[in-house]
Amino acid sequence: EFDWRVGVLDKRPLFVCQYKMARGHWQIMNHKPDGRSIEGGHETIAVAEAPQDVVDIGVRAANLIGDGFYGVDIKSGPDGPIVIEINDNPNLEHGVEDTADKAVWHRLTEWFVKRLNACSLPTPRLRPKPPSTSRGFRPGINPALTTCG
């Protein structure tokens, strides 16, 4: 038994992975009382070779949230795939989600660079220090000077 994870970046599928349940447990990780953890394993599948209905529902679900980087957890149900949750801070671990396509790192880096270049932030400036009679003032970065767009 396993959960699907569809990684979605910028409204397109980035990776597809099966996270297998830990043996005799209902989750992919079984945290034992003595501190040990038993992991169920994984199998990463090229996006083009993954079930199209799983990829489609993962992308559609993530796109409802935005155009960032999301991991959509999916179960296979009797009537087709079912979205379990959408993670807005998903794992992307070397040797796991990238085993079917090492280009995931290149695509992720390009996405970050594109977003950073589109958002030219001014150099943050400190607010001027008020007269010494002022109480409770704490100098800091003015948030209005560090927002994008």
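For the structure, see preceding data.
To keep things clear, this report deals only with the structure shown in the data block. (Residues numbered from 1 in each chain as written. Predicted model: local features only at pLDDT ≥ 70, side-chain atom pairs only at ≥ 80, totals over all residues. Heavy atoms only, no water.)

**Examining the overall build of the protein**
Along its length, the protein carries two helices and seven strands. For the protein, the succession of helices and strands along the chain, N to C, is β-β-β-β-β-α-β-β-α. Looking at the protein as a whole, 31% of its 149 residues are labelled buried. Across the protein, every contact between residues at least 6 apart in sequence was considered, and the portion connecting residues at least 24 apart equals 47%. (Helix = DSSP H or I, 4+ residues; strand = E, 2+ residues; numbered from the N terminus. Buried < 20%, exposed > 50% of the residue type's maximum accessible area, 1.4 Å probe, protein only. Contact = heavy atoms within 4.5 Å.)

**Focus: helix 1 (residues 52–65)**
Between its first and last C-alpha, helix 1 extends 21 Å over 14 residues, near the 20 Å set by a 1.5 Å rise per residue. Listed in full, the buried residues belonging to helix 1 are Val54, Val55, Ile57, Gly58, Val59, Ala61 and Ala62. Check the buried side of helix 1 and you find it contacts strand 1 (2–9), strand 2 (12–20), strand 6 (69–77) and strand 7 (80–87). (Expected span 1.5 Å × (residues − 1).)

**Notes on the nonpolar core**
Counting 15 residues, the largest nonpolar core has Trp4, Val6, Val8, Val16, Val72 and Ile74 as the members making the most contacts within it. Within the residue set of this core, elements represented by two or more residues are strand 1, helix 1 and strand 6. Excluding residues that lie within four positions of it along the chain, Val8 makes contacts with Pro13, Leu14, Gly58, Val59, Ala62, Asn63, Gly68, Phe69, Tyr70 and Val72. Ranked by size, the runner-up nonpolar core spans eleven residues in total, among them Leu9, Leu92, Val104 and Leu108. (Core = buried A, V, L, I, M, F, W, Y, C linked by side-chain atoms within 4.5 Å.)

**Describing the sheet that holds strand 6**
With respect to topology, five strands assemble into an open sheet ordered 5-2-1-6-7, the strand pairing being antiparallel. Strands with a single pairing partner mark the edges of an open sheet, and in this sheet they are strand 5 (42–45) and strand 7. When strand polarity is set aside, the average angle formed by the axes of neighbouring strands in this sheet is 25°. In this sheet, strand 6 lies alongside strand 1 in antiparallel orientation, the contact comprising six bridges. Paired with Val6 across the two strands is Val72, which belongs to strand 6. Most of the contacts of helix 2 (residues 103–118) go to strand 2, to which it runs at about 130°, and overall it touches strand 1, strand 2 and strand 6. (Pairing = 2+ DSSP bridges. Axes fitted to C-alpha atoms, helices over the stretch in contact; angles between N-to-C directions.)

**Here's the deal with a nonpolar patch on the surface**
Together, Leu64, Ile65 and Ile86 give the surface a local cluster of nonpolar side chains, amounting to about 310 Å² of exposed area. Within the secondary structure, Ile86 is located in strand 7. (Patch = residues over 30% accessible without salt bridge, like charges linked within 9 Å, V, L, I, M, F, W, Y side chains within 5 Å. Areas by Shrake-Rupley, 256 points an atom, 1.4 Å probe, with all protein chains shown as cover. Salt bridge = Lys/Arg side-chain N within 4 Å of Asp/Glu carboxyl O.)

**Describing unusual backbone geometry**
Peptide bonds are mostly trans, and most non-glycine residues show a negative phi. For Asp10, which is not glycine, the phi dihedral falls at a positive 55°. Within the secondary structure, Asp10 sits in the loop between strand 1 and strand 2. By relative accessible area, which is 24% here, Asp10 ends up partly exposed.

**Re the pairing of strand 6**
Here strand 6 pairs with strand 7 via seven bridges, running antiparallel. Along strand 7, the bridge assignment pairs Gly77 with Gly80. The hairpin turn running from strand 6 into strand 7, its antiparallel successor, is two residues long.

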